Amino acid sequence: MNSRAAPWVGFGAGKVILLGEHSVVYGHPALAGPLSYGVTARAVPSKRCHLSLPGTLSRAQRNLLTQAFQRAAALCGSPAVKVTLESELPLSMGLGSSGALAVASTRVLLKAAGQDDSPEEVARLALEMEQEFHGTPSGVDHTTSAQQKLLLYKRHPGQSTGRVRILKSPRPLKVLVALVGDRSPTKHTVAALRARQARWPDRYTRLFKQIGTLASEGAKAVEQGDLETLGDVMNVNQGLLAALGLSSPPLEEMVYRLRGLGALGAKLTGAGGDGGAVIGLFLEPEPAVAKLLELGVRCFTSQLAGPRAL
Ligand code: MEV
(Lines give C-alpha, C1' and ligand atoms only; values in the text may rest on other atoms or scores of the structure.)
Protein backbone atom coordinates (compact mmCIF):
# COMPACT_ATOMS: atom_id res chain seq x y z
CA MET A 1 0.00 0.00 0.00
CA ASN A 2 1.13 3.53 -0.76
CA SER A 3 0.33 4.55 2.84
CA ARG A 4 2.17 7.85 2.84
CA ALA A 5 -0.35 9.53 0.56
CA ALA A 6 -3.72 8.45 2.06
CA PRO A 7 -6.43 9.56 1.49
CA TRP A 8 -5.99 9.10 -2.26
CA VAL A 9 -7.96 11.11 -4.81
CA GLY A 10 -8.59 10.30 -8.48
CA PHE A 11 -10.41 12.43 -11.03
CA GLY A 12 -12.09 11.33 -14.25
CA ALA A 13 -13.18 14.11 -16.60
CA GLY A 14 -16.48 14.08 -18.46
CA LYS A 15 -16.15 14.42 -22.22
CA VAL A 16 -17.81 15.89 -25.25
CA ILE A 17 -17.43 14.58 -28.76
CA LEU A 18 -17.01 17.54 -31.09
CA LEU A 19 -17.07 15.41 -34.23
CA GLY A 20 -17.45 11.75 -35.12
CA GLU A 21 -19.63 9.97 -32.54
CA HIS A 22 -21.02 6.66 -33.79
CA SER A 23 -18.78 6.56 -36.88
CA VAL A 24 -15.91 6.12 -34.38
CA VAL A 25 -17.47 2.74 -33.50
CA TYR A 26 -16.87 1.73 -37.16
CA GLY A 27 -13.18 2.70 -37.11
CA HIS A 28 -13.34 6.33 -38.26
CA PRO A 29 -11.69 9.18 -36.35
CA ALA A 30 -13.50 11.23 -33.72
CA LEU A 31 -12.54 14.57 -32.20
CA ALA A 32 -13.23 14.69 -28.46
CA GLY A 33 -12.31 16.89 -25.54
CA PRO A 34 -12.46 16.82 -21.72
CA LEU A 35 -14.96 18.78 -19.65
CA SER A 36 -13.81 20.60 -16.54
CA TYR A 37 -16.53 18.64 -14.69
CA GLY A 38 -16.25 14.96 -13.90
CA VAL A 39 -16.21 12.28 -11.24
CA THR A 40 -13.93 12.37 -8.18
CA ALA A 41 -13.08 9.15 -6.33
CA ARG A 42 -11.63 9.19 -2.81
CA ALA A 43 -10.05 6.17 -1.13
CA VAL A 44 -9.15 5.53 2.51
CA PRO A 45 -7.66 2.40 4.09
CA SER A 46 -10.34 -0.05 5.20
CA LYS A 47 -10.81 -3.66 6.35
CA ARG A 48 -11.89 -4.78 2.87
CA CYS A 49 -11.81 -3.33 -0.63
CA HIS A 50 -15.21 -1.85 -1.42
CA LEU A 51 -17.12 0.91 -3.12
CA SER A 52 -19.45 2.93 -0.94
CA LEU A 53 -22.62 3.61 -2.94
CA PRO A 54 -25.54 5.99 -2.33
CA GLY A 55 -28.78 4.31 -1.22
CA THR A 56 -30.66 5.94 -4.12
CA LEU A 57 -29.31 3.41 -6.65
CA SER A 58 -31.38 0.44 -7.77
CA ARG A 59 -30.26 -3.09 -6.92
CA ALA A 60 -29.27 -3.69 -10.55
CA GLN A 61 -27.16 -0.50 -10.63
CA ARG A 62 -25.49 -1.43 -7.33
CA ASN A 63 -24.67 -4.93 -8.57
CA LEU A 64 -23.24 -3.65 -11.84
CA LEU A 65 -21.08 -1.02 -10.14
CA THR A 66 -19.87 -3.38 -7.43
CA GLN A 67 -18.94 -6.05 -9.94
CA ALA A 68 -17.10 -3.55 -12.17
CA PHE A 69 -15.31 -2.06 -9.18
CA GLN A 70 -14.14 -5.41 -7.80
CA ARG A 71 -12.76 -6.32 -11.20
CA ALA A 72 -10.87 -3.01 -11.40
CA ALA A 73 -9.56 -3.38 -7.83
CA ALA A 74 -8.17 -6.83 -8.61
CA LEU A 75 -6.53 -5.62 -11.82
CA CYS A 76 -4.96 -2.60 -10.12
CA GLY A 77 -3.60 -4.74 -7.27
CA SER A 78 -5.36 -2.40 -4.88
CA PRO A 79 -4.95 -2.79 -1.12
CA ALA A 80 -8.10 -2.88 1.09
CA VAL A 81 -9.65 0.57 0.67
CA LYS A 82 -13.08 2.15 0.86
CA VAL A 83 -13.80 4.25 -2.22
CA THR A 84 -16.45 6.96 -2.38
CA LEU A 85 -17.54 8.72 -5.56
CA GLU A 86 -18.75 12.23 -6.17
CA SER A 87 -20.10 13.16 -9.60
CA GLU A 88 -20.62 16.62 -11.06
CA LEU A 89 -21.89 15.07 -14.29
CA PRO A 90 -25.50 14.38 -15.17
CA LEU A 91 -25.83 10.61 -15.62
CA SER A 92 -26.59 9.08 -19.02
CA MET A 93 -26.77 12.37 -20.91
CA GLY A 94 -23.96 11.77 -23.40
CA LEU A 95 -21.25 13.44 -21.33
CA GLY A 96 -19.24 10.31 -20.57
CA SER A 97 -20.31 9.81 -16.94
CA SER A 98 -19.60 6.07 -16.97
CA GLY A 99 -16.18 6.54 -18.60
CA ALA A 100 -15.38 9.26 -16.02
CA LEU A 101 -16.48 6.95 -13.20
CA ALA A 102 -14.28 4.16 -14.54
CA VAL A 103 -11.30 6.51 -14.89
CA ALA A 104 -11.73 8.11 -11.44
CA SER A 105 -12.06 4.71 -9.73
CA THR A 106 -9.13 3.17 -11.61
CA ARG A 107 -6.92 6.19 -10.97
CA VAL A 108 -7.60 6.16 -7.23
CA LEU A 109 -7.06 2.39 -7.00
CA LEU A 110 -3.72 2.65 -8.84
CA LYS A 111 -2.67 5.50 -6.54
CA ALA A 112 -3.59 3.47 -3.45
CA ALA A 113 -1.58 0.54 -4.81
CA GLY A 114 1.39 2.82 -5.52
CA GLN A 115 1.27 1.77 -9.19
CA ASP A 116 1.86 3.70 -12.42
CA ASP A 117 -1.13 6.05 -12.82
CA SER A 118 -0.12 7.61 -16.15
CA PRO A 119 -3.06 8.48 -18.47
CA GLU A 120 -2.17 5.50 -20.71
CA GLU A 121 -2.17 3.01 -17.83
CA VAL A 122 -5.35 4.49 -16.36
CA ALA A 123 -7.06 4.24 -19.77
CA ARG A 124 -5.86 0.66 -20.27
CA LEU A 125 -7.30 -0.54 -16.96
CA ALA A 126 -10.39 1.73 -16.88
CA LEU A 127 -11.51 -0.02 -20.06
CA GLU A 128 -12.21 -3.14 -18.00
CA MET A 129 -14.79 -1.20 -15.97
CA GLU A 130 -16.20 0.69 -18.94
CA GLN A 131 -16.78 -2.64 -20.71
CA GLU A 132 -18.93 -3.83 -17.80
CA PHE A 133 -21.18 -0.80 -18.42
CA HIS A 134 -21.12 -0.66 -22.22
CA GLY A 135 -20.16 -4.01 -23.73
CA THR A 136 -17.79 -3.04 -26.52
CA PRO A 137 -17.45 0.75 -26.66
CA SER A 138 -15.17 2.41 -29.20
CA GLY A 139 -13.03 3.56 -26.28
CA VAL A 140 -13.20 7.27 -27.09
CA ASP A 141 -15.03 8.18 -23.85
CA HIS A 142 -12.73 6.70 -21.24
CA THR A 143 -9.60 7.54 -23.28
CA THR A 144 -10.55 11.24 -23.43
CA SER A 145 -11.39 11.16 -19.74
CA ALA A 146 -8.04 9.60 -18.81
CA GLN A 147 -5.98 11.83 -21.10
CA GLN A 148 -7.88 15.02 -20.14
CA LYS A 149 -6.80 16.53 -23.44
CA LEU A 150 -8.43 17.42 -26.73
CA LEU A 151 -7.68 14.51 -29.04
CA LEU A 152 -8.32 12.78 -32.32
CA TYR A 153 -9.15 9.13 -31.60
CA LYS A 154 -9.22 6.22 -34.04
CA ARG A 155 -10.30 2.83 -32.81
CA HIS A 156 -8.14 -0.24 -33.50
CA PRO A 157 -10.33 -2.62 -35.54
CA GLY A 158 -12.69 -4.56 -33.28
CA GLN A 159 -11.09 -3.30 -30.06
CA SER A 160 -11.97 -0.73 -27.41
CA THR A 161 -8.55 0.87 -27.64
CA GLY A 162 -7.26 3.15 -30.33
CA ARG A 163 -4.68 5.54 -31.72
CA VAL A 164 -4.61 8.89 -29.95
CA ARG A 165 -3.34 12.18 -31.35
CA ILE A 166 -3.34 15.00 -28.79
CA LEU A 167 -4.25 18.32 -30.39
CA LYS A 168 -3.08 21.80 -29.50
CA SER A 169 -5.38 24.73 -30.11
CA PRO A 170 -3.83 28.18 -30.49
CA ARG A 171 -7.22 29.69 -29.57
CA PRO A 172 -9.48 29.03 -26.57
CA LEU A 173 -11.93 26.31 -27.58
CA LYS A 174 -15.10 27.01 -25.62
CA VAL A 175 -18.34 25.11 -25.77
CA LEU A 176 -21.74 25.57 -24.28
CA VAL A 177 -23.35 22.27 -23.25
CA ALA A 178 -27.15 22.18 -23.01
CA LEU A 179 -29.17 19.21 -21.74
CA VAL A 180 -32.47 18.33 -23.31
CA GLY A 181 -35.12 15.75 -22.52
CA ASP A 182 -34.49 12.16 -21.47
CA ARG A 183 -32.02 10.05 -23.27
CA SER A 184 -32.18 6.43 -24.26
CA PRO A 185 -29.16 4.34 -23.13
CA THR A 186 -26.13 4.51 -25.44
CA LYS A 187 -26.19 0.72 -25.79
CA HIS A 188 -29.67 0.88 -27.38
CA THR A 189 -28.89 3.75 -29.76
CA VAL A 190 -25.68 2.05 -30.89
CA ALA A 191 -27.46 -1.31 -31.36
CA ALA A 192 -30.35 0.23 -33.36
CA LEU A 193 -27.88 1.98 -35.66
CA ARG A 194 -25.93 -1.26 -36.05
CA ALA A 195 -29.14 -2.99 -37.21
CA ARG A 196 -29.78 -0.27 -39.84
CA GLN A 197 -26.15 -0.45 -40.96
CA ALA A 198 -26.36 -4.25 -41.29
CA ARG A 199 -29.53 -3.94 -43.41
CA TRP A 200 -28.29 -1.13 -45.67
CA PRO A 201 -24.48 -1.36 -45.41
CA ASP A 202 -23.50 0.72 -48.46
CA ARG A 203 -25.53 3.80 -47.55
CA TYR A 204 -24.54 3.79 -43.87
CA THR A 205 -20.89 3.00 -44.51
CA ARG A 206 -20.76 5.98 -46.90
CA LEU A 207 -22.09 8.31 -44.21
CA PHE A 208 -19.70 6.97 -41.53
CA LYS A 209 -16.80 7.58 -43.87
CA GLN A 210 -17.92 11.14 -44.56
CA ILE A 211 -18.21 11.85 -40.84
CA GLY A 212 -14.69 10.48 -40.32
CA THR A 213 -13.43 12.90 -42.97
CA LEU A 214 -15.20 15.74 -41.14
CA ALA A 215 -13.45 14.78 -37.89
CA SER A 216 -10.05 14.98 -39.60
CA GLU A 217 -10.97 18.32 -41.19
CA GLY A 218 -12.12 19.58 -37.80
CA ALA A 219 -8.83 18.53 -36.16
CA LYS A 220 -6.91 20.48 -38.81
CA ALA A 221 -9.13 23.54 -38.25
CA VAL A 222 -8.46 23.35 -34.48
CA GLU A 223 -4.69 23.26 -35.00
CA GLN A 224 -4.91 26.21 -37.39
CA GLY A 225 -7.02 28.19 -34.92
CA ASP A 226 -9.79 28.33 -37.51
CA LEU A 227 -12.84 28.10 -35.24
CA GLU A 228 -15.19 29.33 -37.96
CA THR A 229 -14.32 26.30 -40.09
CA LEU A 230 -14.62 24.01 -37.07
CA GLY A 231 -18.11 25.41 -36.43
CA ASP A 232 -19.15 24.76 -40.02
CA VAL A 233 -17.81 21.20 -39.84
CA MET A 234 -19.89 20.66 -36.67
CA ASN A 235 -23.02 21.87 -38.45
CA VAL A 236 -22.44 19.49 -41.36
CA ASN A 237 -21.76 16.63 -38.90
CA GLN A 238 -25.12 17.36 -37.26
CA GLY A 239 -26.81 17.02 -40.65
CA LEU A 240 -25.23 13.61 -41.16
CA LEU A 241 -26.13 12.46 -37.63
CA ALA A 242 -29.73 13.39 -38.42
CA ALA A 243 -29.45 11.43 -41.68
CA LEU A 244 -28.31 8.41 -39.63
CA GLY A 245 -31.49 8.71 -37.54
CA LEU A 246 -29.69 9.83 -34.38
CA SER A 247 -31.32 13.22 -33.86
CA SER A 248 -34.81 14.12 -32.64
CA PRO A 249 -37.06 17.21 -32.35
CA PRO A 250 -35.78 18.27 -28.88
CA LEU A 251 -32.15 17.95 -29.99
CA GLU A 252 -32.77 19.75 -33.29
CA GLU A 253 -34.61 22.55 -31.54
CA MET A 254 -31.67 23.13 -29.19
CA VAL A 255 -29.18 22.98 -32.08
CA TYR A 256 -31.09 25.78 -33.86
CA ARG A 257 -31.46 27.73 -30.63
CA LEU A 258 -27.70 27.69 -30.01
CA ARG A 259 -27.01 28.74 -33.59
CA GLY A 260 -29.54 31.58 -33.10
CA LEU A 261 -27.60 32.64 -29.99
CA GLY A 262 -24.41 33.01 -32.01
CA ALA A 263 -22.81 29.55 -31.97
CA LEU A 264 -20.24 29.10 -34.74
CA GLY A 265 -21.50 25.52 -34.93
CA ALA A 266 -23.88 23.33 -32.93
CA LYS A 267 -24.68 19.63 -32.84
CA LEU A 268 -25.75 16.80 -30.60
CA THR A 269 -22.90 15.16 -28.71
CA GLY A 270 -22.65 11.54 -27.58
CA ALA A 271 -25.16 8.93 -28.56
CA GLY A 272 -28.13 11.20 -29.43
CA GLY A 273 -31.63 9.74 -29.64
CA ASP A 274 -34.69 11.21 -27.92
CA GLY A 275 -32.68 13.63 -25.79
CA GLY A 276 -29.24 14.19 -24.33
CA ALA A 277 -26.62 16.86 -24.74
CA VAL A 278 -26.19 19.50 -27.44
CA ILE A 279 -22.97 21.49 -27.80
CA GLY A 280 -22.43 24.90 -29.32
CA LEU A 281 -19.00 26.30 -30.19
CA PHE A 282 -18.84 29.94 -29.08
CA LEU A 283 -16.17 32.61 -28.99
CA GLU A 284 -17.82 33.93 -25.81
CA PRO A 285 -20.49 31.53 -24.49
CA GLU A 286 -21.40 33.42 -21.27
CA PRO A 287 -24.22 35.64 -22.68
CA ALA A 288 -25.85 32.59 -24.31
CA VAL A 289 -25.60 30.61 -21.05
CA ALA A 290 -27.23 33.49 -19.13
CA LYS A 291 -30.06 33.62 -21.66
CA LEU A 292 -30.67 29.85 -21.56
CA LEU A 293 -30.55 29.67 -17.76
CA GLU A 294 -33.17 32.45 -17.70
CA LEU A 295 -35.34 30.19 -19.87
CA GLY A 296 -34.83 27.25 -17.52
CA VAL A 297 -32.49 25.26 -19.79
CA ARG A 298 -29.91 23.12 -17.96
CA CYS A 299 -26.58 24.25 -19.39
CA PHE A 300 -22.97 25.12 -18.61
CA THR A 301 -19.77 26.08 -20.40
CA SER A 302 -16.40 24.40 -20.58
CA GLN A 303 -13.10 25.22 -22.26
CA LEU A 304 -11.81 22.12 -24.01
CA ALA A 305 -8.39 23.38 -25.09
CA GLY A 306 -6.32 26.44 -25.90
CA PRO A 307 -4.86 29.29 -23.86
CA ARG A 308 -6.76 30.18 -20.69
CA ALA A 309 -7.39 33.68 -19.38
CA LEU A 310 -5.19 34.46 -16.33
C1 MEV B 1 -20.80 7.67 -26.87
O2 MEV B 1 -20.28 8.72 -26.06
C3 MEV B 1 -20.06 7.64 -28.18
C4 MEV B 1 -20.56 6.60 -29.19
O5 MEV B 1 -19.81 6.83 -30.37
C6 MEV B 1 -20.36 5.19 -28.69
C7 MEV B 1 -18.89 4.75 -28.64
O8 MEV B 1 -18.03 5.44 -29.17
O9 MEV B 1 -18.66 3.67 -28.07
C10 MEV B 1 -22.02 6.78 -29.51
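Residues numbered from 1 in each chain as written. Predicted model: local features only at pLDDT ≥ 70, side-chain atom pairs only at ≥ 80, totals over all residues. Heavy atoms only, no water.

An unreviewed UniProt entry lists the protein under the name mevalonate kinase, with Stigmatella ashevillensis as the source organism. The UniProt entry for the protein carries the following comment under Sequence similarities (unreviewed entry): "Belongs to the GHMP kinase family. Mevalonate kinase subfamily." (UniProt positions renumbered as here; feature names shortened; annotations may be inferred.)

For the rest of this paragraph, the subject is the packing of aromatic side chains. In this structure the tally under the stated criterion is 3 aromatic pairs. With a centroid separation of 5.0 Å and 85 degrees between ring planes, the pair formed by Tyr37 and Phe300 is classed as edge-to-face. In this pair, Tyr37 sits in strand β2 (residues 30–45) while Phe300 sits in strand β10 (residues 298–305), placing the two residues 263 residues apart along the sequence. The ring of Tyr256 carries the charged tip of Arg259 above its face, separated from the ring centre by 5.1 Å. (Phe/Tyr/Trp six-rings, centres within 6.5 Å; stacked < 30°, edge-to-face > 60°. Helix = DSSP H or I, 4+ residues; strand = E, 2+ residues; numbered from the N terminus. Lys NZ or Arg CZ within 6 Å of the ring centre and 35° of its normal.)

Located in the positive-phi region is His22, a residue other than glycine, with phi close to 70 degrees. Looking at the secondary structure, you find His22 in the loop between β1 (8–19) and β2. On the basis of relative accessibility, which here comes to 5%, the residue His22 falls in the buried class. Even without glycine at this site, Gln148 takes up a positive phi of about 55 degrees. Along the chain, Gln148 turns up in the loop between α4 (140–147) and β5 (151–155). A relative accessible area of 40% places Gln148 in the partly exposed class. (Buried < 20%, exposed > 50% of the residue type's maximum accessible area, 1.4 Å probe, protein only.)

This next bit is on the nonpolar core. Leu18, Leu173, Val177 and Leu230 are the most contacted members of the largest nonpolar core, which has 97 residues in total. Each of domain 1 (3–166) and domain 2 (173–305) contributes no fewer than three residues to this core. When sequence neighbours within four positions are dropped, the list of residues in contact with Leu18 reads Leu31, Ala32, Leu150, Leu173, Val175, Met234, Asn237, Lys267, Ile279 and Leu304. (Core = buried A, V, L, I, M, F, W, Y, C linked by side-chain atoms within 4.5 Å. Domains from an automatic or database assignment. Contact = heavy atoms within 4.5 Å.)

The next thing to look at is the site of the ligand. Close contacts around the ligand come from Lys15, Ile17, Glu21, His22, Val24, Val25, Pro137, Ser138, Val140, Asp141, Gly270 and Ala271, and that covers them all. At 2.9 Å from an oxygen atom of the ligand is found a main-chain nitrogen or oxygen belonging to His22. At 3.0 Å, a side-chain N or O of Asp141 approaches an oxygen atom of the ligand. With the chains in place, 94% of the 300 Å² that the ligand exposes on its own is no longer accessible. Elements with a contribution of two residues or more to the shell around the ligand: β1 and α4. In terms of residue class, the shell around the ligand is built from 6 nonpolar, 3 polar and 3 charged. (Near = heavy atom within 4 Å. Polar contact = N/O pair within 3.5 Å; in protein donor to acceptor, adjacent residues only side chain to side chain. Areas by Shrake-Rupley, 256 points an atom, 1.4 Å probe, with all protein chains shown as cover. Nonpolar A, V, L, I, M, F, W, Y, C, P; charged D, E, K, R; others polar.)

What follows covers helix α9 (residues 286–294). All buried positions along α9 are accounted for by Ala288, Val289 and Leu292. Viewed along the axis of α9, the buried residues span an arc of 100 degrees, placing them on a single side of the element. Of the exposed residues in α9, those oriented more than 90 degrees away from the buried face are Pro287 and Glu294. Its buried side turned inward, α9 meets β7 (173–180), α8 (249–260), β9 (276–282) and β10. After α9 finishes, the residue Gly296 shows a positive phi value of roughly 85 degrees. (Arc of directions from axis to C-beta.)

Read across the sheet, 4 strands follow the order β8-β9-β7-β10 without closing on themselves; strand pairing throughout is antiparallel. The open sheet has two edge strands with one neighbour each: β8 (265–269) and β10. The average angle at which neighbouring strand axes cross in this sheet is 25 degrees, direction not considered. As defined by bridge partners, β7 adjoins β10 across 7 bridges and the pair is classed as antiparallel. Looking at the pairing, Leu179 lines up with Arg298 of β10. Here helix α7 (residues 227–243) sits on the sheet and contacts β7, β8 and β9; the angle it forms with β8, its principal contact strand, is near 45 degrees. (Pairing = 2+ DSSP bridges. Axes fitted to C-alpha atoms, helices over the stretch in contact; angles between N-to-C directions.)

Summarising the sheet, β2 and strand β4 (residues 81–87) pair through 7 bridges and their orientation is antiparallel. Each bridged residue has a counterpart across the sheet, and for Pro45 the counterpart in β4 is Val81. The pairing of strand β3 (residues 50–52) with β4 spans 3 bridges and is classified as parallel. Opposite Leu51, over in β4, you have Val83 as the bridge partner. The β-α-β motif built from β3, the intervening helix α1 (residues 59–76) and the parallel element β4 has left-handed crossover chirality. (Right-handed = clockwise from strand over helix to strand, strands pointing away.)

Turning next to the UniProt feature "domain: GHMP kinase C-terminal" (unreviewed entry) in the protein. If you check UniProt for "domain: GHMP kinase C-terminal" (unreviewed entry), the listed places come out as residues 220–289 in our numbering. The straight-line gap between the two end C-alpha atoms of residues 220–289 is 28 Å; of that span, 53% is helix and 17% is strand.

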